[in-house]
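Descriptive structure summary
This is what each chain is made of:
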Amino acid sequence: MNWLQRYPKEIQALLLASLINSTGSALMWPLTTMYVFGELGRSMQDAGLVILLQSLGGIAGQLVGGAMYHRIGVKKLLVGSLFINALSLFALPIVSSHWGLYMATMLIVGFSNAMTLPAIQAFIGFRFASRRGEIFNTIYVGNNIGVALGTALSGPLAQLSFPLTFVLNGFTCLLFAVYFFVYLNRVDRAGGLHVEAKASKRQQKALPLLMNTRVYLYMGLGALFLWLGNCIWNGGVSPAILSEGKPPSHYSILWTMNGVLIFALQPLISWMKRAFARKPESQMTAGSLFYLAGYLVILLFPHYGALVAAMFLATIGEILFQPAMPAFISERTSANAPFYLGVSGGIGQAGRVIGPYIMGILYDRGGLGPVAWLAVAAAVLSCLFFVLNHRLQRSPKAMMAE
């Protein structure tokens, strides 16, 4: 953890708390399909429906979280949504015997968890304005370390007890809520929330903000197609590996590799940002090109070695893209950042909703080939929208959305 030493203790605590929370979250999400299909005895269609509801809840949660940030304040929004999320996770083992209640609870889990995303991103943008791009990237790296730890623990824990994974996830979420309650109270007493209080007075109403499409729409559409294409890993690569008779561990190795690379490739990414991707909008465009290169590898060379190479390329794209989007919005939209973080995040999340369904149909009809073609087409569209977004920001007419 030497990389933490260059940050003040306040930021170090925030990063460690985020890491613990992401570890807890990762205990559950890889196991949803296995739980519904294996433990509850439902069909794969039912498992897909649960994931769909959770994703729809995520879209609504990001939109509501961004819109409510200045209305109720970061303390109530962040601590309240984390507390609701923890209670929902604790309730899952109890409601699992009733299918309707289980689906409703998973919808609440998706909604309450997504409400925290624009809240945390906006708070960081306001609190650490001079270093927000760097901190967004570091939190992203830390969260992926947590994801790697959580997914590694999820299998053994599920063998012991599926409900145990829900409870542990709820416990880490509750700890995260307590941390933010204590931390934000301390910041408030020190007058550290005065910037947000001033920002809330400058925030415009929703309709005028939505009319300023150059700030969020094309970037959001780029993210939508990016996440749609990224569904190839679950909707194409995963069943292709299993259909070839390879063990599931071959698929999990790809994601272990993803987690390791996100941490190991930071020096390379730092060089790329200095060399040709200095601005967040440039980083998003470059990231989409690396995603496109990865999907082309899968399309042209559909064997396991190529999948490893494709994951390497896609991971570079992910590292460039993920922190750039909140950094761009925070820099361009100032007081209105929470609203735009929620809107753009909700648009992007739609790709994750429709992607698995479309790719499932294509895979059933033609295997990995049609799925790879869709991923390539989605990456091309994503790149075009990011290029358009970049050009609009360079235009003399580009205005701050304040």
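Keep in mind the model is a prediction, meaning the values are calculated, not measured.

**Some details on the overall build of the protein chain**
When helices and strands are tallied, the protein chain shows 18 helices and 0 strands. Burial statistics for the protein chain: of 402 residues in total, 53% are counted as buried. In the protein chain, once contacts between residues fewer than 6 apart in sequence are set aside, the share between residues at least 24 apart is 83%. Carbon together with sulfur atoms contributes 67% to the accessible area of the protein chain, which is approximately 17,700 Å² in total.

**Details of the packing of aromatic side chains**
The geometry of an aromatic ring pair is captured by two quantities: the separation of the ring centres and the angle between the planes. For the coordinates displayed, the defined rule picks out 15 aromatic pairs. Ring geometry for Tyr179 versus Tyr183: centroids 5.5 Å apart, planes at 10 degrees, classification stacked. In this pair, Tyr179 and Tyr183 are both assigned in helix H7 (residues 162-189), 4 residues apart and thus about one turn of the helix distant. Overall, Tyr183 belongs to the buried group, its relative accessible area being 4%. Ring centres 5.6 Å apart and planes at 80 degrees place the aromatic pair Phe339 and Tyr340 in the edge-to-face group. The two residues Phe339 and Tyr340 agree in class, both being buried. One aromatic cluster is present, built from ring pairs that chain together Phe123, Phe176, Tyr179, Phe180 and Tyr183. Over the ring of Trp227 we find Arg352; its NZ or CZ atom is 4.1 Å from the centre of that ring.

**Description of the pattern of salt bridges**
With the rule as written, the count across this model stands at 2 salt bridges. The residue Asp188 makes a salt bridge to Lys75 at a minimum N-O spacing of 3.1 Å. Of this pair, Asp188 sits in helix H7 while Lys75 sits in helix H4 (residues 74-95), placing them 113 residues apart in sequence. Where Glu244 meets Lys246, a salt bridge forms, and the shortest distance between an N and an O atom there is 2.7 Å.

**Quick word on the nonpolar core**
Counting 111 residues, the largest nonpolar core has Tyr102, Phe180, Ile232, Trp233, Val237, Leu254 and Ile298 as its most contacted members. It is helix H5 (residues 99-127) that contributes the most residues to this core, 12 residues altogether.

**Observations regarding helix H13 (residues 266-275)**
Residues Gln266, Ile269 and Met272 constitute the buried set of H13. For H13, the angular spread of buried residues about the axis comes to 115 degrees, placing them on one side.

**Digging into the confidence of the model for the protein chain**
The predicted model of the protein chain averages 84 in pLDDT, with 89% of residues at 70 or higher. The weakest mean pLDDT in the protein chain belongs to helix H8 (residues 194-202) at 54; the strongest belongs to helix H14 (residues 280-300) at 95.

**Side note on the environment of Leu157**
Tracing the sequence through the fold places Leu157 in helix H6 (residues 132-160). A sequence separation of 11 residues divides Leu157 from Leu168, and the C-alpha atoms of the two residues are 9.8 Å apart.

**Focus: the environment of Phe162**
Within the secondary structure, Phe162 sits in helix H7. Measuring from C-alpha to C-alpha, the distance between Phe162 and Thr32 comes to 9.6 Å, with 130 residues separating the pair along the chain.

**Digging into a nonpolar patch on the surface**
A surface patch of nonpolar side chains, amounting to about 280 Å² of accessible area, comprises Leu49, Leu52, Leu56 and Leu107. With 3 residues, helix H3 (residues 44-72) is the largest single contributor of residues to the nonpolar patch. Structurally, Leu52 can be placed in helix H3. Taking relative accessible area as the criterion, Leu52 reaches 32% and is therefore assigned partly exposed.

**Regarding the side chain of Ser282**
By secondary structure assignment, the location of Ser282 is in helix H14. In contact with Ser282, other than residues within four places in its own chain, are Phe276, Ala277 and His390.

**Some points on the packing of helix H17 (residues 337-366) against helix H18 (residues 368-394)**
Two elements in contact, H17 and H18, have axes separated by 6 Å at closest approach and are oriented at 145 degrees. Note on element contacts: H18 touches H17 through Leu368, Gly369, Pro370, Val371, Leu374 and Ala375, opposite Ile358, Met359, Leu362, Tyr363 and Gly366. Among the residues forming the contact of H17 with H18, the class breakdown is 9 nonpolar, 2 polar and no charged.

**Looking at the environment of Gly61**
Positionally, Gly61 belongs in helix H3. On the basis of relative accessibility, which here comes to 0%, the residue Gly61 falls in the buried class. Non-local contacts of Gly61, meaning those with residues more than four positions away in its chain, are made with Phe111, Ala114 and Met115.

**Some remarks on the side chain of Arg214**
Within the element layout of this structure, Arg214 appears in helix H10 (residues 213-230). Buried and without a salt bridge, Arg214 has Glu281 as its closest oppositely charged side chain, separated by 11 Å. A distance of 3.3 Å separates a polar atom in the side chain of Arg214 from the backbone oxygen of Leu392.

**Concerning H14**
Over its 21 residues, H14 runs 30 Å from end to end, which matches the ideal 30 Å to within 8%, given 1.5 Å per residue. In terms of burial, H14 is a largely internal element, 17 of the 21 residues being buried.

About the cut-offs
- Residues numbered from 1 in each chain as written.
- Predicted model: local features only at pLDDT ≥ 70, side-chain atom pairs only at ≥ 80, totals over all residues.
- Heavy atoms only, no water.
- Helix = DSSP H or I, 4+ residues; strand = E, 2+ residues; numbered from the N terminus.
- Buried < 20%, exposed > 50% of the residue type's maximum accessible area, 1.4 Å probe, protein only.
- Contact = heavy atoms within 4.5 Å.
- Areas by Shrake-Rupley, 256 points an atom, 1.4 Å probe, with all protein chains shown as cover.
- Phe/Tyr/Trp six-rings, centres within 6.5 Å; stacked < 30°, edge-to-face > 60°.
- Lys NZ or Arg CZ within 6 Å of the ring centre and 35° of its normal.
- Salt bridge = Lys/Arg side-chain N within 4 Å of Asp/Glu carboxyl O.
- Core = buried A, V, L, I, M, F, W, Y, C linked by side-chain atoms within 4.5 Å.
- Arc of directions from axis to C-beta.
- pLDDT = per-residue confidence, 0-100.
- Patch = residues over 30% accessible without salt bridge, like charges linked within 9 Å, V, L, I, M, F, W, Y side chains within 5 Å.
- Axes fitted to C-alpha atoms, helices over the stretch in contact; angles between N-to-C directions.
- Nonpolar A, V, L, I, M, F, W, Y, C, P; charged D, E, K, R; others polar.
- Lys, Arg positive; Asp, Glu negative; His and termini not counted.
- Polar contact = N/O pair within 3.5 Å; in protein donor to acceptor, adjacent residues only side chain to side chain.
- Expected span 1.5 Å × (residues − 1).

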